[in-house]
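This is what each chain is made of:
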Amino acid sequence: MKNILFSVLLFTATTAFAQNPPARLIVRGDDMGFSHSGNLALVEAYKNGIETSIEVILPSPWFPEAVELLKEIPTVDVGIHLALTSEWDLVKWRPLTSVPSLVNADGYFYPMVFPNKNYPGQDIAENKWKIEDIEREFRAQIEMALRHIPRVSHVSAHMGCASLSKEVAAMTKRLAQEYKIDLNPDDYAVQRLPMEGLRNTPAEKARSFVKALDNLQPGQTYLFVEHPGLDNAELRAIHHIGYENVAEDRQGVTDLLTDPKVKALIEKKGIRLIGYRDLGK
């Protein structure tokens, strides 16, 4: 009788789980390579936090360090953060290839993708960009990533650069398919998870993220995107007009992603943390 009762309870629990699979959440940390502080924070958010995927900017100045740090965390999911901009005022980077239509007079990427009142005329959209230049640069970034970080699973777009036009979006999709790194959240009905409320201070970020977690539904997959960093001298020197508190803001993100209470809440709610590479499973 006890064996029969146990079998019935096990069947009931298994059936309930099958009918109500857990919500799944990708926690993506962006912009690895733009600074030493950003690199360290991204690693910290994975090792001691809830981050599951790291996006790497290939033309960035701290990319070589990013490659070495990623070797220390071989289980983290990694994406290529395709980039066509160099947005910070005091640190700049250039393309990997010769793409005259995508750079300013000094040879740097423009700071913005789309028109911005703080940087008039200094965006890709307002200049005579050529899609063949974009494809050349994207190919170079993808191939460089595959050489140094062969486990990359997907591509994403820094500052939405792949949305420059429908043609650019289609070309980006084609390249991802060609290089077999086409894990696009849109193809798996992944929903973006925005914060619910204010996010100026670390405490506000935590409250807004916890509130957002309350909206997750069983059986659905969500994507939360943020930018970890450290509040130190290096990051306080990195900024652009309209975003001057980079160090303070990104330290707050690191604090959120490594908060033991947040991690415990995710476990309590039964939310499954996944990477892009788990989407097809």
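1. What about the confidence of the model for the protein chain?
Okay, step 1: When pLDDT is averaged across the protein chain, the result is 93; 93% of the residues are at 70 or more.
Okay, step 2: When the criterion is pLDDT under 50, residues 1-18 qualifies, and its contacts beyond four places in sequence or with other chains add up to one contact.

2. Structural notes on the nonpolar core
Okay, step 1: If you look at the biggest cluster of nonpolar residues, it comprises 49 residues, and the most contacted ones within it are Met32, Val56, Leu70 and Ile80.
Okay, step 2: Sorting the residues of this core by element identifies α2 (36-47), β2 (53-56), α3 (63-71), β3 (77-82), α4 (131-148), α5 (166-178) and α8 (246-257) as the ones contributing at least two each.
Okay, step 3: Among residues more than four places away in sequence, those in contact with Leu70 are Met32, Ile54, Val56, Val76, Val78, Ile149 and Arg151.
Okay, step 4: Membership of the second largest hydrophobic core comes to 20 residues, among which are Ala23, Ala45, Ile50 and Tyr222.

3. A word on the layout of surface pockets
Where empty space is left becomes clear once a probe the size of a water molecule has been rolled over the atoms.
Okay, step 1: Empty space within the largest pocket amounts to approximately 720 Å³.
Okay, step 2: Residue composition of the lining of the largest pocket, grouped by class: 15 nonpolar, nine polar and nine charged.
Okay, step 3: By volume, the second largest pocket amounts to about 190 Å³.
Okay, step 4: What lines the second largest pocket is simply Arg192, Leu193, Pro194, Arg199, Leu223, Phe224, Val225, Glu226, His227, Tyr243, Asp249 and Arg250.
Okay, step 5: At the level of secondary structure, the elements contributing two or more residues to the lining of the second largest pocket comprise β6 (221-226) and α8.
Okay, step 6: The element contributing the most residues to the lining of the second largest pocket is β6, with four residues.
Okay, step 7: Within the lining of the second largest pocket, the residues separate by chemical class into six nonpolar, one polar and five charged.

4. What to know about the pattern of salt bridges
Okay, step 1: Per the stated rule, a full pass over the model turns up 14 salt bridges.
Okay, step 2: Between Glu226 and Arg199 there is a salt bridge, with the nearest N and O atoms lying 2.5 Å from each other. In this pair, Glu226 sits in strand β6 while Arg199 sits in the loop between β5 (191-192) and α6 (202-213), placing the two residues 27 residues apart along the sequence.
Okay, step 3: Residue class for Glu226 comes out buried when judged on its relative accessible area of 5%.
Okay, step 4: Judged by its relative accessible area of 30%, Arg199 is partly exposed.

Rules used in this analysis
Residues numbered from 1 in each chain as written. Predicted model: local features only at pLDDT ≥ 70, side-chain atom pairs only at ≥ 80, totals over all residues. Heavy atoms only, no water. pLDDT = per-residue confidence, 0-100. Contact = heavy atoms within 4.5 Å. Core = buried A, V, L, I, M, F, W, Y, C linked by side-chain atoms within 4.5 Å. Buried < 20%, exposed > 50% of the residue type's maximum accessible area, 1.4 Å probe, protein only. Helix = DSSP H or I, 4+ residues; strand = E, 2+ residues; numbered from the N terminus. 1 Å grid on protein atoms, 1.4 Å probe; cavity = no way out; pocket = protein on both sides within 12 Å on 5 of 7 lines; lining within 4 Å. Points joined across faces, edges and corners; volume = space filled by probe spheres on them. Nonpolar A, V, L, I, M, F, W, Y, C, P; charged D, E, K, R; others polar. Salt bridge = Lys/Arg side-chain N within 4 Å of Asp/Glu carboxyl O.

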